[in-house]
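Coordinate analysis (summary)
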Amino acid sequence: MEWTIPVSKPALRLAGLCLAWFAAAGSLGAQQAADHVALGIAATEAPDLKTALQHFQAALDLDSMNYEANWRAALTLGLMGDPYPMSAKSPERDSLYARAERYARRAVAANPAGADGHFALAASLGRTALMMGPEEKIRRATLIRSEALRTLAINPRHDGAYHILGRWNAEIMRLPALSRFFAKNFMGARVFNQASWDKAIFYMEKAVQLDPERIYHHLELADIYAERKRLRDAGTQLRLVDSLPVREAMDTNYKQQAASLRSRLAKR
């Protein structure tokens, strides 16, 4: 036997109006979140990272699983932490990096098929790894490479993922041979066998090719060339760093790093 509750026509009309209101409110909330994301993007381009983060956070307050707000907030938090020197302890920097990783993981959970979420996670894992002990750094090195490769599987023209893979190969090759041997044979980091200087150069050159206006790509490529004693090529990249306009929040800092690298190369 089916039980029903008699409902009057006025009550039905009221219920219909309530449903319509809730639907409209949900749509308005989504629109407001999208508006905050757009304002955050504009602030990022200013560049004004603090204001950008405020807007991305406002979007997440309205919709915690907003994919774009999560990955953009993750990248913004990472950039906000980068100016702090790694040579000294900094709870503020560590907190920014930890939040960045949380948002990046949430972006991937919200949209596993989104390239930028995987890229933000790779970048965030790289930053938080700096605060970890040797074993955790090795574990995260494997995850960083995996997330960067996932990014390229979704978007083969993602210059940021190529940059991460270029740096990944370079950083592994910069490790002392004994450290690499220990990591590969006693800590399960067999993936370190995949690293090479040739791959570091290939990936970073690809990043430059895809976005030749990004100062950071040229700086890192110059550093890799310098490691391989390709000083003329390194000098070419450093001149490009000088010639390019400041476009992103850390570009002034990158130009200063380029000047420092040029000074070191001049003493060789």
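Scroll up to find the structure this text is about.
Residues numbered from 1 in each chain as written. Predicted model: local features only at pLDDT ≥ 70, side-chain atom pairs only at ≥ 80, totals over all residues. Heavy atoms only, no water.

Description of the nonpolar core
Convention followed: Among the buried residues, those of types Ala, Val, Leu, Ile, Met, Phe, Trp, Tyr and Cys that are joined through side-chain atoms within 4.5 Å form a nonpolar core. For every residue, the accessible area obtained with a 1.4 Å probe (protein chains only) is divided by the maximum for its type, and the residue is called buried under 20%, exposed over 50%, and partly exposed between those limits. Secondary structure counts use DSSP, requiring at least four H or I residues in a row for a helix and at least two E residues in a row for a strand, with both numbered from the N terminus. Pairs of residues are marked as contacts when any of their non-hydrogen atoms sit within 4.5 Å.
Residues I164, W168 and F192 are the most contacted members of the largest nonpolar core, which totals 44 residues. Where this core is concerned, the elements lending two or more residues are helix 1 (9-45), helix 2 (49-62), helix 3 (67-81), helix 4 (91-110), helix 5 (115-129), helix 6 (134-154), helix 7 (159-174) and helix 9 (197-210). Per-element accounting of this core gives the leading share, 7 residues, to helix 3. Apart from the residues within four sequence positions on either side, W168 is in contact with A141, I144, R145, V191, F192 and A195.

A closer look at helix 3
Just so we agree on the cut-off: Each helix should span, by expectation, one fewer than its residue count multiplied by 1.5 Å. The definition of a polar contact used here is a pair of N or O atoms within 3.5 Å, where within protein one atom must be able to donate a hydrogen and the other to accept one, and adjacent residues in sequence count solely through side-chain atom pairs.
Compared with an ideal rise of 1.5 Å per residue, which puts 15 residues at 21 Å, helix 3 spans 22 Å between its outermost C-alpha atoms and is within 8% of the ideal. By the burial criterion, the buried members of helix 3 are Y67, A69, N70, W71, A73, A74, L75, T76, L77, G78 and G81. Between the side-chain oxygen of the N-cap and the backbone nitrogen of E68 there are 3.2 Å, and the N-cap of helix 3 in question is N66.

Here's the deal with the pattern of salt bridges
Where we set the bar: We define a salt bridge as a contact between a side-chain nitrogen of Lys or Arg and a carboxyl oxygen of Asp or Glu at a distance within 4 Å.
This model, assessed by the stated rule, comprises 18 salt bridges. For D94, the salt bridge is made with R93, and the minimal N-O distance between the two is 3.0 Å. Take D94: its relative accessible area is 25%, and that puts it in the partly exposed class. Between R214 and E248 there is a salt bridge, with its nearest N and O atoms 2.7 Å apart.

Here's the deal with a positive patch on the surface
Where we set the bar: Note that patches include only residues with greater than 30% relative accessible area and no salt bridge, and the join distances are 9 Å for like charges and 5 Å for nonpolar side chains (Val, Leu, Ile, Met, Phe, Trp, Tyr). Here the Shrake-Rupley method, with its probe set to 1.4 Å, supplies the accessible areas, and only the displayed protein chains count as covering residues. The charge count includes Lys and Arg as positive and Asp and Glu as negative, but it does not include His or the ends of the chains. Throughout, a charge is located at the NZ atom of Lys, the CZ atom of Arg, the CG atom of Asp or the CD atom of Glu.
Taken together, the side chains of R228, K229, R264 and R268 define a basic patch exposed on the protein surface. Of note, R228 is situated in the loop between helix 10 (215-227) and helix 11 (231-243).

Some remarks on unusual backbone geometry
Keep in mind that most residues, glycine aside, have a negative phi and that most peptide bonds are trans. Looking along the chain, the bond that leaves A46 and enters P47 is cis, with omega of -10 degrees. Checked against the element boundaries, P47 lands in the loop between helix 1 and helix 2. At K229, a residue that is not glycine, the phi angle is positive and equals roughly 60 degrees. By the element assignment, K229 lies in the loop between helix 10 and helix 11.

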